[in-house]
Structure formats: structure tokens, C-alpha cells
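One letter stands for each residue in the lines below.
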Amino acid sequence: MTADDPIGRLDDDDYPAYTMGRAAEMLGTTPGFLRALGKARLITPLRSEGGHRRYSRYQLRLAARARELVDQGTPIEAACRIIILEDQLEEAQRLNAEYRRAAAERRPPTTD
């Protein structure tokens, strides 16, 4: 697989494989909703050479979570903030677990 091989990159969660229309269709929403998520800085789609927005699977997961919250009555700005905080918490927990594993590996075994 090379950087110029888009087929090989389809397994990459961060590869911007989906057009705005396709992303909106997959999420059951409108392109305007995706633009609003961009305006709220939840997702920043990459642009094709022609300037069209392209979304990754990771971005679509965030957008789906936002839609879920908005459908429950949460204002879009608040939904985006919640998702950003959830994402940050998940990353902090992952790093904490990683540090704990590394610390446990460095600890000498205890004798009973």
C-alpha cells in the first residue's frame, strides 16, 4: 500500500473517503447539519482538490453521536462540547491505563 493508494486506505479510520452527500445520507441527516458541526468545530472535513468536503469514518462516528444528542433535544453547540469532552476523557483514560501498565512492568515482583 502506498500513500497514493486510496483503496488500501479504506481501512484507515482517518482517511477522508466520504463526500458530504454520502456522509449525510449514511447518517440520515442533511449536509447543513454536517456544516453546522464544522462551524461548531466538532469536525473539520478535509477538502478534495476541487474544494469539496470529505469525511472520515472517525468523523462520521462523531457526527452520529452529535445527531443522537441533538435528536434528544440537546442544542448543537452543547452536543458538540459534550462529544469533545467525551473524546478527551476517553483519550485520558487510555493514556492512564497505558502508564499504569508501563509502571507495573517496571515494578520488581513482590515476594510473599
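Residues numbered from 1 in each chain as written. Predicted model: local features only at pLDDT ≥ 70, side-chain atom pairs only at ≥ 80, totals over all residues. Heavy atoms only, no water.

Visitor: Describe the confidence of the model for the protein chain, naming the residues involved and giving the relevant values.
Guide: Detailed reading of the predicted coordinates is not advisable wherever pLDDT is low. Per-residue confidence for the protein chain gives a mean pLDDT of 89; residues scoring 70 or more make up 88%. Model confidence for the protein chain, summarised as mean pLDDT per element, is weakest for strand β2 (residues 46–47) at 91 and strongest for helix α3 (residues 57–71) at 96. (pLDDT = per-residue confidence, 0-100. Helix = DSSP H or I, 4+ residues; strand = E, 2+ residues; numbered from the N terminus.)

Visitor: Talk me through the environment of A64; I want residue IDs and the actual numbers.
Guide: If you trace the backbone, A64 turns up in helix α3. When the C-alpha atoms of A64 and A23 are compared, they prove to be 10.0 Å apart, with 41 residues separating the residues in sequence.

Visitor: Tell me what's going on with the pattern of salt bridges, and back it up with residues and numbers.
Guide: This model, assessed by the stated rule, comprises 8 salt bridges. Two residues, D13 and R57, come together in a salt bridge whose shortest N-O distance is 3.2 Å. With a gap of 44 residues between them, D13 in the segment before β1 (18–19) and R57 in helix α3 connect regions that are remote in the sequence. Judged by relative accessible area, which is 28%, D13 ranks as partly exposed. Judged by relative accessible area, R57 falls into the partly exposed class, the value being 28%. (Salt bridge = Lys/Arg side-chain N within 4 Å of Asp/Glu carboxyl O. Buried < 20%, exposed > 50% of the residue type's maximum accessible area, 1.4 Å probe, protein only.)

Visitor: Just give me the short version of the sheet that holds β1, but keep the residues and values in it.
Guide: A sheet is described by the order of its strands in space; here 3 strands give the open sequence β1-β3-β2, paired in antiparallel fashion. The two strands at the open ends of the sheet, each matched to only one other strand, are β1 and β2. One ladder, built from 2 bridges, connects β1 with strand β3 (residues 53–55); its direction is antiparallel. When the sheet's bridge partners are listed, Y18 is paired in β3 with Y55. (Pairing = 2+ DSSP bridges.)

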